[in-house]
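# Working through the structure, step by step
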Amino acid sequence: QVQLVESGGGLVQAGGSLRLSCAASGRTRSWYGMGWFRQAPGKEREFVVAISWIGGYTYYADSVKGRFTISRDNAKNTVYLQMNSLKPEDTAVYYCAATPIVPGDYALISEYDYWGQGTQVTVSS
């Protein structure tokens, strides 16, 4: 069994910053990729950003390019999401996800086998 645990969410004013963490534990393995998705009230879960474990290739949704940065610590099985210049529309529950295989498309929810419980990010205007 593998667990993904997110942390770092909270309430921040527009223009502020937050850093999310996602730690993998249990029967950990070398993930091929880890990603962040988010879901706002009344909306579908959407892709935010992903990173390949080998090579560190990154993939960003257009809505967060230039504001969000994903990074990883292979030794700690942890991925981070630095969020700057936050906007009210970034308000959502943020989920991390992991895939042990090469995904065809990092932005597809179906490519990920494991999910965290989510952490709330609220950006006030």
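Above this note sits the structure.
Residues numbered from 1 in each chain as written. Predicted model: local features only at pLDDT ≥ 70, side-chain atom pairs only at ≥ 80, totals over all residues. Heavy atoms only, no water.

So, about the pattern of salt bridges. Per the counting criterion, the structure on display carries four salt bridges. Between Lys65 and Asp62 there is a salt bridge whose closest N-O contact spans 3.2 Å. Note on Asp62: relative accessible area 65%, which makes it exposed. Overlapping salt bridges bring together Arg38, Glu46, Arg67 and Asp90 as one network. (Salt bridge = Lys/Arg side-chain N within 4 Å of Asp/Glu carboxyl O. Buried < 20%, exposed > 50% of the residue type's maximum accessible area, 1.4 Å probe, protein only.)

Okay, the pairing of strand β7 (residues 68-73) next. Note: β7 against strand β8 (residues 78-83), six bridges, orientation antiparallel. Each residue of the ladder has a partner; that of Phe68, found in β8, is Met83. Counting the residues in the hairpin turn of β7 and β8 gives four residues, including Asn77, whose phi is positive at 50°. (Pairing = 2+ DSSP bridges. Helix = DSSP H or I, 4+ residues; strand = E, 2+ residues; numbered from the N terminus.)

Turning to the state of the cysteines, a few remarks are in order. Here the structure, examined in full by the defined rule, presents one disulfide. The side chain of Cys22 participates in a disulfide bridge whose partner is Cys96; the two sulfur atoms lie 1.9 Å from each other. The sign of the 50° torsion about the S-S bond sets the Cys22-Cys96 disulfide as right-handed. Taken as a pair, Cys22 in strand β3 (residues 18-26) and Cys96 in strand β9 (residues 92-99) lie far apart in primary sequence, 74 residues in all. Residue class for Cys22 comes out buried when judged on its relative accessible area of 0%. A residue is classified by how much of its surface remains accessible, and Cys96, at 0% relative accessible area, is buried. (Disulfide = S-S within 2.5 Å.)

Next up on the list: the environment of Phe68. Its location among the elements puts Phe68 in strand β7. Along the chain, Phe68 and Val2 lie 66 residues apart, while their C-alpha atoms are 26 Å from each other. If we ignore the near neighbours within four places in the chain, the residues touching Phe68 are Arg38, Val48, Tyr60, Leu81, Gln82, Met83, Asn84, Leu86, Asp90 and Tyr94. (Contact = heavy atoms within 4.5 Å.)

Here we come to the pairing of β9. Counting buried positions along β9 gives seven out of eight residues, so the element sits mostly inside the fold. Sheet analysis places strand β4 (residues 33-39) next to β9, joined by seven bridges and oriented antiparallel. Bridging from a neighbouring strand, Gln39 pairs with Val93 of β9. Sheet topology note: the β9/strand β11 (residues 119-124) ladder contains three bridges and is antiparallel. Its bridge partner being in β11, Ala92 is matched across the sheet by Val121. In this structure, β9 lies alongside strand β10 (residues 114-115), joined through two bridges in antiparallel fashion. Its bridge partner lying in β10, Ala98 is registered against Tyr114.

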